[in-house]
Amino acid sequence: MIGLKNFYRQHVVTVTFLFFLIVSIAMVAIVYLQPNKILSGADYHFHMNRVENLALSIKHGDFFLK
């Protein structure tokens, strides 16, 4: 256990960077490997359509949408 503490003290930046890199890759992989979930095409187009409609309504002066 003392050897691991000494290794961590000597390589704090490297260990922190590797941990951050592994966690980041895992999070991105979890999001992209779920079919029909967060980044599905139909869901994306539905939300973009809502954003475009909101922008058009604000452009035409309708600030309170139904």
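You'll find the structure just up there.
Fair warning: this is a prediction, and the values are worked out from it, not measured in the lab.

The number of helices and strands found in the protein is 3 helices and 0 strands. Traced from its N-terminal end to its C-terminal end, the protein shows the element sequence α-α-α. When each of the 66 residues of the protein is scored for burial, the buried share is 3%. Of the roughly 6500 Å² that the protein leaves accessible, carbon and sulfur atoms contribute 71%.

A grouping of F17, L18, L21, I22 and I25 is seen on the molecular surface, where their side chains present a nonpolar patch of about 500 Å² in accessible area. Tracing the backbone through its elements, the reader meets L18 in helix α2 (residues 12-32).

Interaxial distance between helix α1 (residues 2-10) and α2 falls to 5 Å at its minimum, and their mutual angle equals 90°. Regarding the angle of α1 to α2, the classification is roughly perpendicular. Facing α1, whose interface residues are F7, Y8, R9 and Q10, α2 presents V12, V15 and T16. Classifying every residue of the contact of α1 with α2 by side-chain character gives 4 nonpolar, 2 polar and 1 charged.

Cut-offs and rules
- Residue numbers here run from 1 along each chain, matching the order of that chain's written sequence.
- Predicted model: local features are reported for residues with pLDDT of at least 70 only, side-chain atom pairs are reported and counted for 80 or more only, and whole-chain, interface and lining totals are derived from all residues.
- Hydrogens and water molecules were not included; the side-chain quantities draw on all heavy atoms of the structure.
- Helix and strand definitions follow DSSP, with helices as H or I runs of at least four residues and strands as E runs of at least two, each counted in order from the N terminus.
- When a residue's accessible area, from a 1.4 Å probe over protein chains only, is under 20% of the maximum for its type it is buried; when over 50% it is exposed; and in between it is partly exposed.
- Note on areas: these come from Shrake-Rupley sampling with a 1.4 Å probe, and a residue is covered only by the protein chains present in the view.
- Every patch collects residues that have over 30% relative accessible area and no salt bridge, joining them within 9 Å if they carry like charges and within 5 Å if they are nonpolar side chains (Val, Leu, Ile, Met, Phe, Trp, Tyr).
- We define a salt bridge as a side-chain nitrogen of Lys or Arg found within 4 Å of a carboxyl oxygen belonging to Asp or Glu.
- What counts as an axis is a line fitted to C-alpha atoms, over the stretch in contact for a helix, and the angles between N-to-C directions run from 0 to 180 degrees.
- An angle below 35 degrees is treated as roughly parallel, one above 145 as roughly antiparallel, one from 65 to 115 as roughly perpendicular, and anything else as oblique.
- Throughout, a residue-residue contact means that at least one pair of heavy atoms, one from each residue, lies within 4.5 Å.
- For this classification, Asp, Glu, Lys and Arg are treated as charged, while Ala, Val, Leu, Ile, Met, Phe, Trp, Tyr, Cys and Pro are nonpolar and the rest, including Gly, are polar.

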